[in-house]
Amino acid sequence: MNVWNEMLGNQILVSAVVGWTTAQVLKTLIDFALNKNFNAERLVGSGGMPSSHSATVCGLTTAAALEYGAGSFEFAISFVLSMVVMYDAIGVRRETGKQAKLLNSILMENPLKLNAEVLQEKLKEYVGHTPLQVLAGAILGICLALLLNTYY
């Protein structure tokens, strides 16, 4: 049980995990409100509003700043990680989602007369984020880390 106590006592880890969990729950609720049906994949899936990747790394970075200071190597590492993750979410992963959406629409028309086995494999479209989704996730992660700081 000592390991659990150590993990729960780790403000940086808890801030990151709470950021991810909260973003995933919010993402699922927003998807439910917009589409009027529950999609369990949203609880763990990527893409959507808010970005759980951004909430996680910004919670991590904020907690590192609070715990070790903005001049520490812990903050520097987590800050650089945050920038890479958020840049990737807006850039590469967002473009991948756009391409998947286009390819899925082409496959549904089936102009190449592909067999049914190929057509059953729909590409995942929710992989990246809009800048607004990343910003919302970042704000969420920062706010949660600041809130959790009052308990540590």
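An unreviewed UniProt entry lists the protein chain under the name Divergent PAP2 family protein, with Enterocloster alcoholdehydrogenati given as the organism.

Draft legend 1. Fine view of the environment of Ala63. The topology assignment puts Ala63 in helix 3 (residues 52–68). Residues Ala63 and Ile12, spaced 51 residues apart in sequence, show a C-alpha to C-alpha distance of 5.0 Å.

Draft legend 2. How the structure looks around the packing of helix 2 (residues 11–35) against helix 3. Where helix 2 meets helix 3, the axes come as close as 7 Å, and the angle between the chain directions of the two elements is 155°. Considered as vectors, helix 2 and helix 3 are oriented roughly antiparallel to each other. Of the two possible hands of crossing, helix 2 and helix 3 adopt the one that is right-handed. Contacts between helix 2 and helix 3 involve Gln11, Ile12, Ser15, Ala16, Gly19, Trp20, Ala23, Gln24 and Lys27 from the first element and Ser52, Ala55, Thr56, Gly59, Leu60, Ala63, Ala64, Leu66, Glu67 and Tyr68 from the second. Counted by class, the contact of helix 2 with helix 3 contains ten nonpolar, seven polar and two charged residues.

Draft legend 3. Seen up close, a nonpolar patch on the surface. A cluster of nonpolar side chains, Trp20, Val25, Leu26, Leu29, Ile30, Phe32, Leu34, Phe38, Leu43 and Val44, forms an exposed patch at the surface whose accessible area comes to about 940 Å². Along the polypeptide, Trp20 turns up in helix 2. Given the relative accessible area of 35%, Trp20 is considered partly exposed.

Draft legend 4. Examining unusual backbone geometry more closely. The amide bond that connects Met49 to the next residue, Pro50, takes the cis arrangement and shows omega of -5°. Within the secondary structure, Pro50 is located in the loop between helix 2 and helix 3. The backbone of Lys36 sits at a positive phi, close to 60°, despite the residue not being glycine. If you trace the backbone, Lys36 turns up in the loop between helix 2 and helix 3.

Draft legend 5. Just the UniProt feature "transmembrane region" (unreviewed entry) in the protein chain, in detail. The UniProt record annotates "transmembrane region" (unreviewed entry) at residues 75–92 and 132–151. In the segment residues 75–92, helix accounts for 94% and strand for 0%; the C-alpha atoms at its two ends are 25 Å apart. Helix makes up 90% of residues 132–151 and strand makes up 0%, while its end C-alpha atoms are separated by 29 Å.

Draft legend 6. Spotlight on the packing of helix 2 against helix 7 (residues 131–149). Across the interface, helix 2 lies against helix 7 with an axial gap of 9 Å and an inter-helix angle of 130°. As judged from the angle between their axes, helix 2 and helix 7 are oblique. Taken as a pair, helix 2 and helix 7 cross one another with a handedness that is right-handed. Residues Gln11, Val14, Ser15, Val18, Gly19, Thr22, Ala23 and Leu26 of helix 2 form the contact with helix 7, whose participating residues are Leu140, Leu144, Ala145, Leu148 and Asn149. Of the residues belonging to the contact of helix 2 with helix 7, the class tally is eight nonpolar, five polar and no charged.

Draft legend 7. Quick look at the packing of aromatic side chains. One pass over the full model with this rule turns up one aromatic pair. Arranged with centres 5.7 Å apart and planes meeting at 35°, the rings of Phe75 and Phe79 form a pair that is tilted. Highlighted residues: Phe75 and Phe79, both in helix 4 (residues 73–90), separated by four residues, approximately one helical turn.

Calculation notes
- Residues numbered from 1 in each chain as written.
- Predicted model: local features only at pLDDT ≥ 70, side-chain atom pairs only at ≥ 80, totals over all residues.
- Heavy atoms only, no water.
- Helix = DSSP H or I, 4+ residues; strand = E, 2+ residues; numbered from the N terminus.
- Axes fitted to C-alpha atoms, helices over the stretch in contact; angles between N-to-C directions.
- Parallel < 35°, antiparallel > 145°, perpendicular 65-115°, else oblique.
- Left-handed = near helix turned anticlockwise from the far one by under 90°.
- Contact = heavy atoms within 4.5 Å.
- Nonpolar A, V, L, I, M, F, W, Y, C, P; charged D, E, K, R; others polar.
- Patch = residues over 30% accessible without salt bridge, like charges linked within 9 Å, V, L, I, M, F, W, Y side chains within 5 Å.
- Areas by Shrake-Rupley, 256 points an atom, 1.4 Å probe, with all protein chains shown as cover.
- Salt bridge = Lys/Arg side-chain N within 4 Å of Asp/Glu carboxyl O.
- Buried < 20%, exposed > 50% of the residue type's maximum accessible area, 1.4 Å probe, protein only.
- UniProt positions renumbered as here; feature names shortened; annotations may be inferred.
- Phe/Tyr/Trp six-rings, centres within 6.5 Å; stacked < 30°, edge-to-face > 60°.

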